[in-house]
Amino acid sequence: MTGTKRATGHTEVTIYEPTAYDEAANGPSLVEIRVDETFSGDIEGEGSARVIQAARKDGSATFVGIERVRGAVGSHKGSFLLQTSGTLSGREVRAEWFVVPGSGTEDLRDLRGEGGFTAQLGEHGSIWLDYELG
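Conventions used here
- Each residue is numbered by its place in its chain's sequence as written, counting from 1.
- Given that this is a predicted model, residues contribute local features only at a pLDDT of at least 70 and side-chain atom pairs are listed and counted only at 80 or more, while totals for whole chains, interfaces and linings are drawn from all residues.
- Just so you know, side-chain values use all the structure's heavy atoms and leave hydrogens and water out.
- Strands are runs of DSSP state E lasting at least two residues, helices are runs of H or I lasting at least four, and both sets are numbered from the N terminus onward.
- Only the C-alpha atoms count toward the radius of gyration. The rule for a globule is 2.2 Å times the residue count to the power 0.38.
- Each residue's exposure class comes from its accessible area (1.4 Å probe, protein chains only) as a fraction of the maximum for that residue type: buried when under 20%, exposed when over 50%, partly exposed otherwise.
- Here, two residues are considered to be in contact whenever any of their heavy atoms come within 4.5 Å of each other.
- Surface accessibility follows the Shrake-Rupley procedure with a 1.4 Å probe radius. Residue values consider only the protein chains on display as shielding.
- Two residue types count as positive, namely Lys and Arg, and two as negative, namely Asp and Glu; His and chain ends fall outside the count.
- By convention, the charge on Lys lies at NZ, on Arg at CZ, on Asp at CG and on Glu at CD.
- A pair of strands is labelled paired if DSSP reports no fewer than 2 bridges between them.
- All axes here are fitted lines through C-alpha atoms, helices being fitted over the stretch that makes contact, and every angle between N-to-C directions spans 0 to 180 degrees.
- Nonpolar core, defined: a set of buried Ala, Val, Leu, Ile, Met, Phe, Trp, Tyr and Cys residues in which side-chain atoms within 4.5 Å join the residues together.
- By definition here, a salt bridge exists when the distance from a side-chain nitrogen of Lys or Arg to a carboxyl oxygen of Asp or Glu is within 4 Å.

A few words on the overall build of the protein chain. In terms of regular secondary structure, the protein chain is built from zero helices and eight strands. Reading the secondary structure of the protein chain in the N-to-C direction produces β-β-β-β-β-β-β-β. Relative to its length of 134 residues, the protein chain is compact, with a C-alpha radius of gyration of 15 Å against a globular reference of 14 Å. Seen through its C-alpha atoms, the protein chain measures out along the principal axes to roughly 50 × 25 × 25 Å. With 134 residues in all, the protein chain has 40% of them scored as buried. A separation of at least 24 residues holds for 46% of the contacts in the protein chain among residues at least 6 apart in sequence. Entry remark: accessible area of the protein chain is about 7300 Å², with carbon and sulfur atoms responsible for 49%. For the protein chain, the separation between the mean place of its 13 positive charges and that of its 21 negative charges on side chains is 2 Å.

Another point: the sheet that holds strand E8 (residues 124-132). Strands belonging to one sheet form pairs held by backbone hydrogen bonds; the direction of such a pair is parallel or antiparallel. Ordered in space as E1-E2-E3-E4-E5-E6-E7-E8, the eight strands form a closed barrel in which the pairing is antiparallel. Geometrically, the sheet is characterised by an average inter-axis angle of 25° between neighbouring strands, direction not taken into account. One ladder, built from seven bridges, connects strand E6 (residues 92-99) with strand E7 (residues 112-120); its direction is antiparallel. When the bridges of E7 are listed, Ala-95 appears paired with Phe-117.

Attention now moves to the nonpolar core. Here is a general trend for soluble globular proteins: nonpolar side chains tend to be buried in one another's company. Core analysis: the biggest nonpolar cluster contains 27 residues, and Ile-43, Phe-80, Trp-97, Phe-117 and Leu-129 have the highest contact counts within it. When residues of this core are traced back to their parent elements, those giving at least two are strand E2 (29-41), strand E3 (43-55), strand E4 (61-73), strand E5 (76-89), E6, E7 and E8. Apart from the residues within four sequence positions on either side, Phe-117 is in contact with Phe-63, Thr-84, Val-93, Arg-94, Ala-95, Trp-97, Ser-126, Ile-127 and Trp-128.

The next point concerns the pattern of salt bridges. Should their charged atoms come close, side chains of opposite charge can pair. Scanning all chains against the criterion turns up five salt bridges. Ionic pairing is found between Glu-92 and Arg-94, a salt bridge with its closest N-O pair at 3.4 Å. Judged by its relative accessible area of 45%, Arg-94 falls in the partly exposed class. Across the pair Arg-112 and Glu-132 runs a salt bridge, and its minimum N-O distance is 3.2 Å. Placement of Arg-112 in strand E7 and of Glu-132 in strand E8 is noted, with a sequence separation of 20 residues between them. Judged by its relative accessible area of 36%, Arg-112 is partly exposed. Because the salt bridges share partners, they merge into one network encompassing Glu-17, Arg-34 and Asp-36.

Secondary-structure assignment places Gln-53 in strand E3. Given a relative accessible area of 9%, Gln-53 falls into the buried group.

Moving on to the pairing of E6. Covered by surrounding structure in E6 are Val-93, Ala-95, Trp-97 and Val-99 only, the residues Glu-92, Arg-94, Glu-96 and Phe-98 on the alternate face being uncovered. Here E5 pairs with E6 via eight bridges, running antiparallel. Looking at the pairing, Gln-83 lines up with Phe-98 of E6. The turn joining E5 and E6, which pair antiparallel and follow one another in sequence, is formed by two residues; a positive phi near 65° is taken by Gly-90.

As structure tokens, this is what we get:
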């Protein structure tokens, strides 16, 4: 991407509510997780996500999700969606995400980008987003 900027920051989880909905005796269980979090740094605001996780018996997992972020990227205000995929190993979460095309509102209506995060399960995380506007 030309004209790409990197936003960095942190997240703090405020709600983490896992609910198993399809358990298998000899395979991964499917779990829906509600996550609400606060973003700080170059991205400021509140996020609300739903995550579907394939949780293995050894505690590791693979997940996908969609999150709406309401706030600002730098001085640009609005909201946008992030589509996420990642893994859980022990308590460490690693994921990649991208801005869902066409999901931005207000000053962020032309937002495009991709990035990711690392976090401790249900706690805090370090985030980055390489993005363009316009």
